[in-house]
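The primary structure of each chain is shown beneath.
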Amino acid sequence: MLGGCDVLRTLPRLLWYLMVLLLAGALAPLALGVVIGVSAAPSTLRLVHGEAAALRARPFMEAARALGTPLGRRLRVQLLPHVLPTVLASGVLLLADAMALEAGLSFVGLGVRPPTASWGNMVQEGIPVLESAWWVAAVPGAALVLAVGCAARVADALPRGRGA
């Protein structure tokens, strides 16, 4: 399974999106979100697999296995509490990455189509009036930077895994 993830990770996410766009044409906002989310999955799967592999060798996991604890209980009680904080932090950072990717795609005309609101569309629409009304482009751009920065701070503030 991870071999497939590694193959998917060899191409940049933007290239995956462009291939889907070429095959399917313009995407609705929900479909765009799904494509961006699916393109992020291989990195998250690789991260969780590495974390779980490191935890499997820990003494508390070996003890649970030696005591005959069923696999489902070991996963739920022993493994999940240690992996969940990493997954949550990764998810928040991927959300920030998805916001930036969607805004970039919309800015160049490949993402969400007007009149649907998008920070990328708003910045792009403000470019022609940049000299006379700079705030038309600057405010949505600043909002995007603020949202991505806040997501990074939230990821830093999330609690760390339990020690064992």
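(A) Up close: helix 3 (residues 29-56). A rise of 1.5 Å per residue sets the reference length of helix 3, with its 28 residues, at 40 Å; its end C-alpha atoms lie 40 Å apart and thus fit the reference within 8%. Along helix 3, the sharpest change in direction is near 35° and occurs at Ala 41; proline Pro 42 comes one to four residues later. For helix 3, the set of buried residues is Leu 32, Val 35, Ile 36, Ser 39, Ala 40, Pro 42, Thr 44, Ala 52 and Leu 55.

(B) Representation of the packing of aromatic side chains in the model. In the structure shown here, the tally under the stated rule is one aromatic pair. Between the aromatic rings of Trp 134 and Trp 135, the centroid separation amounts to 5.7 Å while the plane-to-plane angle is 80°, which identifies the pairing as edge-to-face. Classification of Trp 134 as exposed rests on a relative accessible area of 52%. Residue class for Trp 135 comes out partly exposed when judged on its relative accessible area of 46%.

(C) Seen up close, unusual backbone geometry. For the bond from Pro 114 to Pro 115, the omega torsion is 15°, close enough to zero to count as cis. Inspection of the secondary structure assignment puts Pro 115 in the loop between helix 5 (71-107) and helix 6 (119-126).

(D) The arrangement of the nonpolar core in detail. Listed in full, the ten residues of the largest apolar core are Tyr 17, Leu 21, Leu 27, Leu 32, Val 35, Ile 36, Ala 98, Leu 101, Leu 105 and Val 112. Within the residue set of this core, elements represented by two or more residues are helix 2 (13-24), helix 3 and helix 5. If we skip the residues at most four places from it in the chain, Val 112 touches Pro 29, Leu 32, Glu 102, Ser 106, Ser 118 and Asn 121.

About the criteria used
- Residues numbered from 1 in each chain as written.
- Predicted model: local features only at pLDDT ≥ 70, side-chain atom pairs only at ≥ 80, totals over all residues.
- Heavy atoms only, no water.
- Helix = DSSP H or I, 4+ residues; strand = E, 2+ residues; numbered from the N terminus.
- Expected span 1.5 Å × (residues − 1).
- Bend = angle between axes of the 7 residues up to and from the residue.
- Buried < 20%, exposed > 50% of the residue type's maximum accessible area, 1.4 Å probe, protein only.
- Phe/Tyr/Trp six-rings, centres within 6.5 Å; stacked < 30°, edge-to-face > 60°.
- Core = buried A, V, L, I, M, F, W, Y, C linked by side-chain atoms within 4.5 Å.
- Contact = heavy atoms within 4.5 Å.

Purely spatial values, then, with no claim about function.
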